[in-house]
Amino acid sequence: MLHRSGSHVRPPAAGLLVLGLVALLPERTQGQAGRVTIIHEEETPPFEVVLEPGPAFRSGGVDDAGWVAGVFDGVELLADGHIALWQQLWPDQFVVASPDLPGGRVVGRRGDGPGEYRFIRWVRVFDEEFFVFDLETLRLTVLDGSGFDVISTGTLPPGKLESDVVLLTDSTFVLNATMYTPERVGYVLHAVDREGSVLSSFDEVAFGVPDAPSHLRWLVAARHGRGVWAVPWDEYRLDLWDPFAGTRLRSLIREVDWFPPHVEHSWNPERLGSANVRSLAQDSKGHLWVLTSVPAPDRWAGCFEKATPDAHPMQGEYMVREGCFPYDARLEVLDPEQGRVLAATVLPQGSWQAVDSGILYTITEDTLGFPEIQLWTPRLQPKTSLPAR
């Protein structure tokens, strides 16, 4: 199984030990470049990716635990086989769903008190605790995993929550956010404790510059040693950071012609859009699994049609035809120690997403039009030679 969350990292007295060390470090540190490895294309990677179907989760229909749309802001896989999912249609609550029963248990309600939310941005699980990040109130609520009672609350640092957050221990996490305070502007990653205090800020990017690189990051706690892997949304570059020293330990740069440098995103049949990274995971052997979206030249032009007059003003001139996928979902497995690609595959056409543990999922509809989530477990297997003719 792959892991993105920090549930595998729990050193003895983790919170007290880490916070004690952090207190000795400077609060703001300039990220330094570490060792850089260029990973080139390989014609015949030694492994192939096999997708094994897992459990399926069904909507309960239009009721208290019904998912009425197949667009989710996030899905978190739990240790007992359940999933937690949340979407903008009910931003003040999340659902814990079982593969055995349709729907699930609703957690939360709208409000400002403990156990109430305004806009849930992420739900993360560490051991038996649920960490709920509220975008609107900038509050972190920690819940007991059995009865979902409130254990503690904390105020998140002021700023804009971006793409991802990863738990390192039950007391610390790394947050992708933009903060506009004088000492933190430009830094997009921040080590934060459970009470919301920023311990260090790192990964500096340019702000307010035309065609500046994206400040969005996907994150995974390093399986071996202390650190966090981060990959930009619009660049195939994986950086390993020491989040408490604020230094970059190493970088993996994947040089391929199908992931060109940053270009303007486009919904235009005459111009291919930008490739982007959609998720990052790491398995028990330290291999990095990267899911990317790459424009499909053979389908791109045919996947768009003129937007209807009643379309949202932000839609633009074109919209994607129903059931058409202008992007390929490409999954690659990288060995950071050898600096090579172990496996690469283009997934079947569909709406592929990644759960925080690295499990993939697809969204389909049942006969009544309600969404279903199908989990898939990717694994590596050596390529077998074809028999000689």
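Anything mentioned here points back to the structure above.
Report on the accompanying structure. (Residues numbered from 1 in each chain as written. Predicted model: local features only at pLDDT ≥ 70, side-chain atom pairs only at ≥ 80, totals over all residues. Heavy atoms only, no water.)

1. A look at the sheet that holds strand β15 (residues 187-193)
- The strand order across the open sheet built from four strands is β13-β14-β15-β16, with neighbouring strands paired in antiparallel fashion. Whereas interior strands pair on both sides, the edge strands pair on one side only; in this sheet they are β13 (160-167) and β16 (198-204). Between one strand axis and the next, the sheet turns through 25° on average, direction left out of account.
- Bridge count for β13 against strand β14 (residues 172-178) is five bridges, and the pairing is antiparallel. Pairing of Val 166 across the sheet is with Val 174, part of β14. (Pairing = 2+ DSSP bridges. Helix = DSSP H or I, 4+ residues; strand = E, 2+ residues; numbered from the N terminus. Axes fitted to C-alpha atoms, helices over the stretch in contact; angles between N-to-C directions.)

2. Describing the environment of Leu 199
- Relative to the helices and strands, Leu 199 is located in strand β16.
- The class for Leu 199 is buried, based on a relative accessible area of 13%.
- The spatial distance from the C-alpha of Leu 199 to the C-alpha of Thr 172 is 9.1 Å, given a sequence separation of 27 residues. (Buried < 20%, exposed > 50% of the residue type's maximum accessible area, 1.4 Å probe, protein only.)

3. Topic: the environment of Leu 334
- Along the chain, the position of Leu 334 falls in strand β25 (residues 327-335).
- The buried category is assigned to Leu 334, whose relative accessible area is 0%.
- For Leu 334 and Arg 254, which are 80 residues apart along the polypeptide, the C-alpha to C-alpha distance reads 9.5 Å.
- For Leu 334, the residues in contact, after removing those within four places along its chain, are Ile 39, Tyr 236, Leu 238, Arg 254, His 287, Leu 288, Val 290, Arg 340 and Val 341. (Contact = heavy atoms within 4.5 Å.)

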